[in-house]
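# Descriptive analysis of the structure
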Amino acid sequence: ELDQAHRKLGALYRITSVVQRTVNEQEVLQEIIDGITSDLGYSNAAVLLLDEPSLELVIKANHGYTFNMRIPYGKGITWQAVISRKVVYVPDVRKDPRYIAATVDGVSEIAIPLIYADNVIGVLDVETTEERPLSDYDRDLLCSLAGQAALTIAHAKHVSAVQVQAITDGLTGLYNYRYFLSALDREFKRAIRYNRPLSLLMMDIDFFKRYNDTHGHSLGNDVLREIADIMKRMCRDVDYAIRYGGEEFTILFP
């Protein structure tokens, strides 16, 4: 019992402390899975997050699953947990028609909804082998870990969103002037260090004030967004598309 308590505390600490090191979603999710598998010894575990636009559950991090997959709405044991907002435990998946095979040796499965602020954001799914069925202790433990995992994931998403907002122009979704200054400094030093070319494009929209005066600022904002969308489509992943200010834009080309 002392050993079990020690392992539980270790897993809880790993899950709660990860956001002090990173808010990268993939790193946070993998750390949660590592805590459940490495610290507690479960061979198969996965975190699935809800993709609301497609109404799919997407495996974002896992250990022991044979492939990353997207589960359509209503399918599988995991969706049952989302729809019911309750823990779904299946002692033998071989006898359950809802089961979608995702592991080689999974026999028992538990799907626990990840709930934050009364919203289901995903599912913690654990499958164990025939040699290690899920006990009452296992189920209680995983439920307590799932609650903390949901909090950790939501916190990481929030911090990440705040960081994105700080460097992004709210109207166009391009980088803002503040981020441009730091990116220019960083890329200029990198270009000097590695003797690589660096180009900068400045542009603005002709007669934009006249357009605003004629059609109104709402349609003027539509023009800014359309220009920004064109820039994002035409730029490479390594380029920086920036709203410099007003109707002025710049693109940094490493």
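Here the structure is a predicted model, which means the values were calculated and not measured.

The rules behind the values
Residues numbered from 1 in each chain as written. Predicted model: local features only at pLDDT ≥ 70, side-chain atom pairs only at ≥ 80, totals over all residues. Heavy atoms only, no water. Helix = DSSP H or I, 4+ residues; strand = E, 2+ residues; numbered from the N terminus. Buried < 20%, exposed > 50% of the residue type's maximum accessible area, 1.4 Å probe, protein only. Contact = heavy atoms within 4.5 Å. Areas by Shrake-Rupley, 256 points an atom, 1.4 Å probe, with all protein chains shown as cover. Lys, Arg positive; Asp, Glu negative; His and termini not counted. Charge placed at Lys NZ, Arg CZ, Asp CG, Glu CD. 1 Å grid on protein atoms, 1.4 Å probe; cavity = no way out; pocket = protein on both sides within 12 Å on 5 of 7 lines; lining within 4 Å. Points joined across faces, edges and corners; volume = space filled by probe spheres on them. Nonpolar A, V, L, I, M, F, W, Y, C, P; charged D, E, K, R; others polar. Core = buried A, V, L, I, M, F, W, Y, C linked by side-chain atoms within 4.5 Å. Phe/Tyr/Trp six-rings, centres within 6.5 Å; stacked < 30°, edge-to-face > 60°.

### Section: the overall build of the protein chain
Of the regular secondary structure elements, the protein chain holds seven helices and nine strands. The buried share of the protein chain, reckoned over its 254 residues, is 41%. Of the contacts made within the protein chain by residues no fewer than 6 positions apart, 53% connect residues no fewer than 24 positions apart. Accessible area for the protein chain stands at about 14,300 Å²; split by element, carbon and sulfur atoms hold 53% of it. Computing the positive centroid from 28 side-chain charges and the negative centroid from 35, the protein chain places the two 3 Å apart.

### Concerning the layout of surface pockets
In this structure, the largest pocket spans a volume of roughly 210 Å³. Together, Leu-49, Leu-50, Glu-52, Tyr-116, Asn-119, Val-120, Ile-121, Ala-154 and Lys-157 line the largest pocket. Elements represented by at least two residues in the lining of the largest pocket include exactly strand S1 (44-51), strand S6 (119-128) and helix H4 (136-167). Its residues placed into classes, the lining of the largest pocket shows six nonpolar, one polar and two charged.

### Describing the nonpolar core
Grouped burial of nonpolar side chains is what soluble globular proteins tend to show. Ile-36, Val-47, Leu-114 and Leu-142 are the most contacted members of the largest nonpolar core, which has 29 residues in total. Those elements giving two or more residues to this core turn out to be helix H1 (2-17), helix H2 (25-39), S1, strand S5 (108-116), S6 and H4. Element by element, the count of residues in this core is highest for H4, at eight residues. With near-sequence residues (within four places) excluded, Val-47 lies in contact with Leu-29, Ile-32, Ile-33, Val-58, Ile-59, Lys-60, Ala-61, Leu-114, Val-123, Leu-124 and Ile-153. Within the second largest apolar cluster, 19 residues are counted, among which are Trp-79, Val-82, Tyr-99 and Ala-111.

### Description of the side chain of Thr-37
Position of Thr-37 relative to the elements: it lies in helix H2. Here Thr-37 falls in the buried class, since its relative accessible area comes to 8%. Those residues in contact with Thr-37 that sit more than four places away from it in its chain are Tyr-42, Ala-45 and His-63.

### Some details on the packing of aromatic side chains
A full pass over the atoms with the stated rule returns seven aromatic pairs. Ring plane angle 65 degrees and centroid distance 4.7 Å describe the contact between Tyr-73 and Trp-79, whose orientation is recorded as edge-to-face. Here the aromatic rings of Tyr-175 and Tyr-240 are separated by 6.0 Å at their centres, their planes lie at 45 degrees, and the arrangement is tilted. In this pair, Tyr-175 is assigned in the loop between H4 and helix H5 (177-194) and Tyr-240 in strand S8 (residues 240-245), connecting sequence segments 65 residues apart.

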